[in-house]
Amino acid sequence: MARKVVLITGASSGVGLALCKRLLEEDNGLHLCLACRNMSKADAVRTALLASYPTAEVTTVQVDVSNLPSVFQASKELKQRFPRLDYVYLNAGIMPNPQLNIKALFSGLFSRKVIHMFSTAEGLLTQDDKVTADGLQEVFETNVFGHFILIQELEPLLCHSDSPSRLIWTSSRNAKKSNFSLEDFQHSKGQEPYSSSKYAIDLLSLALNRNCNQQGLYSSVLCPGTMLTNLTYGILPPFIWTLLMPFILLLRFFASAFTLTPYNGTEAMVWLFHQKPESLDPLAKYLSSTTGFGRNYVMTQKMDLDEDTAEKFYQKLLELEKHIRVTIHKTDDQS
């Protein structure tokens, strides 16, 4: 029997790396393909995984989802290597230069919204965004559009009616409708591009289900919870998190979002790996959750989405894709 092939973006650190280990614990006969920007890191992870799981197959492919030529090149390589992909975990993401709104933090601490505020970081974080070499907003391109192009390019490996393929997106409890607008879906005018990009992922997943289920492609979204990774260390330095730890551990009894470790954060990712995609609700977000006593479980949250907006956003992405392809084609012709 052929090995199941799992492609994971952002697999060399944080929740992506923890996911690799947990999937091989579940099934050491998998073929994991680590899609990473930094190949020396990816090769080190591959070596470590094979040392622990010698019966697995682990390969790497270089991809930077904030760089479209890199995405096209990686897709070409993957199409040469694989006849199909069974799972694609669209996990790579950035939150550049996050700034904590201290005023909002202190006013929230003394309000009834304290648990909600810490679970979702709503109103607490703003980020500086920039424009990439492709002329797109960096957070949008990295978290959403680079992955969208990857899926579009890999369609021949994903759409098989005989047995379904799965897209599993790392979204966030921080995805907020109020931070997203169809008129400015790259969030070039706002201050919360991370939240906007995660809401965009939720919309895209819904639209992909509507457009691709019949071809055998299913999409799901999850939130790994609040973990202490390079992403959170960008918000506050590690020593501050250490000082906050007793407070966070207490909060855990009231809010399940504090998964804290990448291992715990993968709970929903691993749970989704085992589900029959036809049984999943396309309007649900699956949340990795941890109790006050440290037990992991998965919660389901109904997403604040409507199909009309999802379809309009999907069409806008297809238009942008067409525009990008024309631009790249012209550039190739000139060179």
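Throughout, a residue's number is its position along its own chain's written sequence, starting from 1. Since the coordinates come from a predicted model, pLDDT governs what is reported: local features require at least 70, and pairs of side-chain atoms require 80 or more to be given and counted, while whole-chain, interface and lining totals use all residues. For the side-chain quantities, the full set of heavy atoms in the structure was used; hydrogens and water were omitted.

Under an unreviewed UniProt entry, the protein has the name 3beta-hydroxysteroid 3-dehydrogenase and belongs to Equus przewalskii. Its UniProt record gives the protein a comment under Sequence similarities (unreviewed entry), which states: "Belongs to the short-chain dehydrogenases/reductases (SDR) family. ERG27 subfamily." UniProt positions are given in the numbering used here, feature names are shortened, and annotations may be inferred rather than shown by experiment. In its Catalytic activity (unreviewed entry) section, the UniProt record describing the protein reads: "3-dehydro-4alpha-methylzymosterol + NADPH + H(+) = 4alpha-methylzymosterol + NADP(+)".

1. Some points on empty space enclosed by the protein
A pocket here means an open set of points on a 1 Å grid, computed over the protein atoms alone, that has protein on both sides within 12 Å along at least five of seven lines. A cavity is instead a set of points where a 1.4 Å probe fits but cannot get out; residues with an atom within 4 Å of a point line either one. Grid points are joined across faces, edges and corners, and a volume is the space filled by probe spheres set on the points. This structure, assessed with the given rule, holds one cavity of 30 Å³ or more. Here the largest cavity is characterised by a volume of approximately 30 Å³. Of all the secondary-structure elements, those providing two or more residues to the lining of the largest cavity are helix H6 (138–153) and helix H8 (193–212). If one sorts the elements of the lining of the largest cavity by residue count, H8 sits on top with three residues. Three classes are used, and their members are as follows: Ala, Val, Leu, Ile, Met, Phe, Trp, Tyr, Cys and Pro are nonpolar, Asp, Glu, Lys and Arg are charged, and the others, Gly among them, are polar. Class assignment for the residues of the lining of the largest cavity results in four nonpolar, four polar and no charged. For the purposes of this entry, the term helix denotes a DSSP run of H or I that reaches at least four residues, the term strand denotes a run of E that reaches at least two, and both are numbered from the N terminus.

2. A short note on the side chain of Asp-86
Along the polypeptide, Asp-86 turns up in the loop between helix H3 (68–81) and strand S4 (87–90). The buried label applies to any residue whose accessible area, calculated with a 1.4 Å probe on protein chains only, is under 20% of its type's maximum; exposed applies above 50%, and partly exposed to all values in between. Note on Asp-86: relative accessible area 11%, which makes it buried. At 3.1 Å, the side chain of Asp-86 and the side chain of Arg-84 are in polar contact. Counted as a polar contact is a pair of N or O atoms within 3.5 Å, where, for protein atoms, one must be capable of donating a hydrogen and the other of accepting one, and residues adjacent in sequence contribute only when both atoms are in side chains.

3. Topic: the pairing of strand S1 (residues 5–9)
Side-chain direction in a regular strand flips from residue to residue, so the side chains alternate between the two faces of the sheet. Across the five residues of S1, five count as buried, placing the element largely inside the fold. Alternating positions in S1 separate into two faces, Val-5, Leu-7 and Thr-9 on one and Val-6 and Ile-8 on the other, with burial throughout. Alignment of S1 against S4, held across three bridges, turns out to be parallel. Residue pairing in the sheet places Ile-8 in a bridge with Tyr-89 of S4. For two strands to count as paired, DSSP must find a minimum of two bridges between them.

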